[in-house]
Amino acid sequence: MNNIHLRLTSALLLASGLAVSPVALAQKIQVNSADPATALQGTFDLDVEIGGKGFDNTIDLVEFLLPCDEEPCTDTGGITVKSFKVRGQKKIIANIDISDGAAVADFDIAVFSTSRGRGGKGTTLFNVQAKENGGGTGSTLSAEFCLIMTVENPGLESDGEMVPNTIYDYCHDRKERVQVETASHPGFRFDSNTKSRPPLRWVHINVLDDEVEVKDNGDNPLNLFVSGDYQIDLRFNKGNGGLDLGGMKLVTDNNVPDYFVPVNIWLDSMNGVEYFGLAYSEDTDPFNDGRLAGNACIDGFNTLDAQVKRLTEGSWSIESNPENNTACLWDLNADLVNQPGTPIHMPFYIEITIK
């Protein structure tokens with residue numbers, strides 16, 4: 001009876017199309033890890049162990065891809081998978097070349113089986129870092145940095161949390177949600193919180209006399225900018241050309257040449273309510289915002305561009321202008337057209353070193 005029952009069941013499954021082939025029964029493909037998980041530009045013939053599930057001999061495509069907003073992502077970013085071997089259901093060994101000009105970024109790893117019509121992707125599992133020389137010069141410089149911030153009072157200082165086992169206050173780190181980098185264009189950015197979440201890192205602002213009143217064109221008070229902890233987003237002003245870090249010359253014994261660039265700083269209060277902007281600019285539109293074109297505070301007298309020096313091949317200093325550390329302050333929650341800008345003494349000095 002049991003044998004008859006089994007034969008009948010199998011016949012019914014076949015007749016109904018419910019029979020499952022061994023391929024269909026195969027485990028879903030998952031991609032979970034990479035070892036090593038990071039390498040420098042210009043690394044060739046590197047074996048990377050890819051960990052996951054559902055691997056078998058039908059796997060016919062392994063790719064390292066730059067993340068994108070819409071699938072399918074196809075940009076390999078300068079990483080070539082020369083060959084790969086499947087070592088059981090949980091391991092693939094991929095041999096890769098990373099070009100000299102590969103993107104300095106986090107890469108996804110995709111594994112696909114054409115015959116099974118399915119694949120899997122692990123997001124941001126592999127990271128390419130800049131070479132010791134920064135991955136290029138001139139406008140090709142693309143690098144992540146670590147940052148030291150000197151305490152200024154009044155002025156900027158770090159939150160006091162040093163990066164473990166380093167001398168740095170901040171380092172570019174996705175887990176910490178800290179961005180300290182320049183891409184392959186004349187610019188630089190330091191952002192202490194890259195997500196819309198409570199910050200893990202921040203800066204402390206020391207205001208002269210602990211507060212300054214921001215006023216509108218009619219001299220009416222809008223808000224108080226006070227000493228305290230803020231999220232920071234500091235950038236070179238690209239609307240004024242930015243500054244090509246990789247193309248800069250080293251400082252000489254007499255501390256020249258010097259380079260100057262407009263700097264914009266966005267500051268979010270820790271409670272997420274107050275939102276201020278600081279600009280160290282000369283004859284430019286702060287924050288690339290047309291509403292501040294010709295603003296009275298930016299006239300080459302109240303505030304000057306920040307000074308940048310290339311200290312070594314892989315390190316730079318960025319500081320408020322030594323001749324005038326005044327910044328222009330705006331309440332970014334209020335109408336910018338009706339604010340003249342408030343001059344405020346706010347010196348800062350940071351050094352960045354390629355990570």
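What you see is a predicted model; the values in this text were computed from it and never measured.

## Regarding the sheet that holds strand E2 (residues 38–40)
Point 1. With mixed pairing, four strands are arranged side by side in an open sheet as E2-E8-E7-E4. In this open sheet, the two edge strands, each paired with only one partner strand, are E2 and strand E4 (61–65). Mean inter-strand twist for the sheet, computed between neighbouring axes without regard to direction, equals 30 degrees.
Point 2. Judged from the seven bridges that link them, strand E7 (residues 106–113) and strand E8 (residues 118–129) form a sheet pairing that is antiparallel. Paired with Asp106 across the bridge in E8 is Asn127.

## Examining the state of the cysteines
Point 1. Applying the stated criterion to the full structure yields three disulfides.
Point 2. The disulfide partner of Cys146 is Cys171, and the gap between their sulfur atoms is 1.9 Å. As the torsion about the S-S bond is roughly 110 degrees, the Cys146-Cys171 disulfide counts as right-handed. Of this pair, Cys146 sits in strand E9 (residues 143–149) while Cys171 sits in strand E11 (residues 170–171); the two residues are 25 residues apart in sequence, bridging distant segments of the chain. No difference in accessibility class separates Cys146 from Cys171, as the two residues are buried.
Point 3. Residue Cys297 pairs covalently with Cys328 via a disulfide, S to S 2.0 Å. For the disulfide bridge between Cys297 and Cys328, the dihedral angle about the S-S bond is near -95 degrees, and by the sign convention the bridge is left-handed. Taken together, the residues Cys297 in the loop between strand E20 (275–280) and strand E21 (306–312) and Cys328 in strand E23 (residues 326–331) connect sequence positions 31 residues apart.

## Some details on the environment of Gly52
Point 1. Within the secondary structure, Gly52 is located in strand E3 (residues 46–53).
Point 2. For Gly52, a relative accessible area of 9% translates into the label buried.
Point 3. In this structure, Gly52 is in contact with Gln30, Val31, Asn32, Gln89 and Lys90, ignoring residues within four places of it in sequence.

## Here we look at the sheet that holds strand E5 (residues 79–86)
Point 1. Spatially, E1-E3-E6-E5 is the arrangement adopted by the four strands of the open sheet, whose pairing is antiparallel. Every other strand in the sheet has two partners, leaving strand E1 (30–35) and E5 as the edge strands with one partner each. On average, each strand axis in the sheet is inclined to that of its neighbour by 30 degrees, with strand direction left out of account.
Point 2. Note that E1 and E3 share five bridges and pair antiparallel. In the strand pairing of E3, Asp35 is matched with Glu49.

Rules used in this analysis
- Residues numbered from 1 in each chain as written.
- Predicted model: local features only at pLDDT ≥ 70, side-chain atom pairs only at ≥ 80, totals over all residues.
- Heavy atoms only, no water.
- Pairing = 2+ DSSP bridges.
- Helix = DSSP H or I, 4+ residues; strand = E, 2+ residues; numbered from the N terminus.
- Axes fitted to C-alpha atoms, helices over the stretch in contact; angles between N-to-C directions.
- Disulfide = S-S within 2.5 Å.
- Buried < 20%, exposed > 50% of the residue type's maximum accessible area, 1.4 Å probe, protein only.
- Contact = heavy atoms within 4.5 Å.

None of the figures reported here should be taken as evidence of function without further support.
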